[in-house]
Amino acid sequence: MVEELLDDTKLIPVPSELANQLRLLAGRMGVSVSSITTEALEQVLRADELESSVKDAVDILHMAQVHKGAGLVIFQRAGVKDLIKRLYDEDSEGLLTIWYRSGRWYAAYLSNRLNGGVFNFFEQDLLVSWNLDESEIRVEDFVVDVRLTSFGMSPEFTELLVVYTKGFFEELGYMVSSEDVLSGLVSFKFIKKLK
């Protein structure tokens, strides 16, 4: 009977540190290392069927948890565009102020919630939460280059994205060095403020 079980399994070498971490996790969870490993491998195959990776799945789960903690709500783009247009027509200055403060608050929240990697997280977060087509944040010493693209973004929504992004980076101690803004195309250069 034991021989039949052994014929149905394969040994896969893994680094000893990883094996030790799995043993500790299995002990905390009250399950076997084999069951954790099997489940992990099943999820790798499942992610592959979705043309994704386990890393992407974990990153998206992490983002969803951060969004939930921050109180973010996701809406369909067409409905939000109409809502923004109406609010913008009523009180553009008030709406821009709210979006600027929201960007500052979110930067403070992420700084406290994440253990580093705020810019990498924010780059991916903008793609999802603002439904952008492209998002790029490059950091070099004290300079941050930001390029954001959304085909079909209205001028009003673009302006909200601009003030939100400025608020975000200003909260982190950066000031705008240059900006180039067209509807749906935003490019900034931020420089770290000297104290």
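Placed above this text is the structure.
These numbers were taken from a predicted model, which means no experiment stands behind them.

Quick word on the nonpolar core
Item 1. Counting residues in each nonpolar core, the largest one holds 38 residues, and the members touching the most others are Tyr106, Leu110, Phe122, Leu126, Trp130, Phe168 and Phe169.
Item 2. At the level of elements, helix H4 (54-70), helix H5 (77-113), helix H6 (118-129), strand S2 (143-149), helix H7 (155-171) and strand S4 (185-192) are the ones that each hand at least two residues to this core.
Item 3. When residues of this core are assigned to their parent elements, the largest contribution, nine residues, is made by H5.
Item 4. Setting aside residues no more than four positions away along its own chain, Leu110 makes contact with Val66, Val118, Phe121, Phe122 and Phe168.

Comments concerning a negative patch on the surface
Item 1. A surface patch of like charges, here negative, comprises Glu90, Asp91, Glu93 and Glu159.
Item 2. With respect to the element layout, Asp91 can be found in helix H5.
Item 3. The partly exposed category is assigned to Asp91, whose relative accessible area is 44%.

Examining the layout of surface pockets
Item 1. Empty space within the largest pocket amounts to approximately 760 Å³.
Item 2. What lines the largest pocket is a set of 26 residues, among which Val73, Phe75, Val80, Trp99 and Ser129 lie closest to the centre.
Item 3. For the lining of the largest pocket, the elements supplying multiple residues, two or more each, are H5, H6 and H7.
Item 4. No other element matches H5, which puts 11 residues into the lining of the largest pocket.
Item 5. By residue class, the composition of the lining of the largest pocket is 17 nonpolar, six polar and three charged.

A short note on the sheet that holds S4
Item 1. The antiparallel open sheet is built from four strands, whose spatial order is S1-S2-S4-S3. Every other strand in the sheet has two partners, leaving strand S1 (134-140) and strand S3 (174-182) as the edge strands with one partner each. Across this sheet, the average inter-strand angle for adjacent strands is 10°, counted without regard to direction.
Item 2. As paired strands, S3 and S4 are joined by eight bridges and run antiparallel to one another. Each residue of the ladder has a partner; that of Asp180, found in S4, is Ser187.

A word on the pattern of salt bridges
Item 1. For the coordinates displayed, the defined rule picks out 10 salt bridges.
Item 2. Between Glu156 and Lys85 there is a salt bridge whose closest N-O contact spans 3.5 Å. Here Glu156, found in helix H7, pairs with Lys85, found in helix H5; they are 71 residues apart in sequence, far enough to count as distant.
Item 3. Asp145 is paired through a salt bridge with Arg138; the nearest N and O atoms lie 3.8 Å apart.
Item 4. Via salt bridges that share partners, Glu136, Arg138, Asp145, Arg147 and Lys189 belong to a single interconnected network.

Quick notes on the rules
Residues numbered from 1 in each chain as written. Predicted model: local features only at pLDDT ≥ 70, side-chain atom pairs only at ≥ 80, totals over all residues. Heavy atoms only, no water. Core = buried A, V, L, I, M, F, W, Y, C linked by side-chain atoms within 4.5 Å. Buried < 20%, exposed > 50% of the residue type's maximum accessible area, 1.4 Å probe, protein only. Helix = DSSP H or I, 4+ residues; strand = E, 2+ residues; numbered from the N terminus. Contact = heavy atoms within 4.5 Å. Patch = residues over 30% accessible without salt bridge, like charges linked within 9 Å, V, L, I, M, F, W, Y side chains within 5 Å. Areas by Shrake-Rupley, 256 points an atom, 1.4 Å probe, with all protein chains shown as cover. Salt bridge = Lys/Arg side-chain N within 4 Å of Asp/Glu carboxyl O. Lys, Arg positive; Asp, Glu negative; His and termini not counted. Charge placed at Lys NZ, Arg CZ, Asp CG, Glu CD. 1 Å grid on protein atoms, 1.4 Å probe; cavity = no way out; pocket = protein on both sides within 12 Å on 5 of 7 lines; lining within 4 Å. Points joined across faces, edges and corners; volume = space filled by probe spheres on them. Nonpolar A, V, L, I, M, F, W, Y, C, P; charged D, E, K, R; others polar. Pairing = 2+ DSSP bridges. Axes fitted to C-alpha atoms, helices over the stretch in contact; angles between N-to-C directions.

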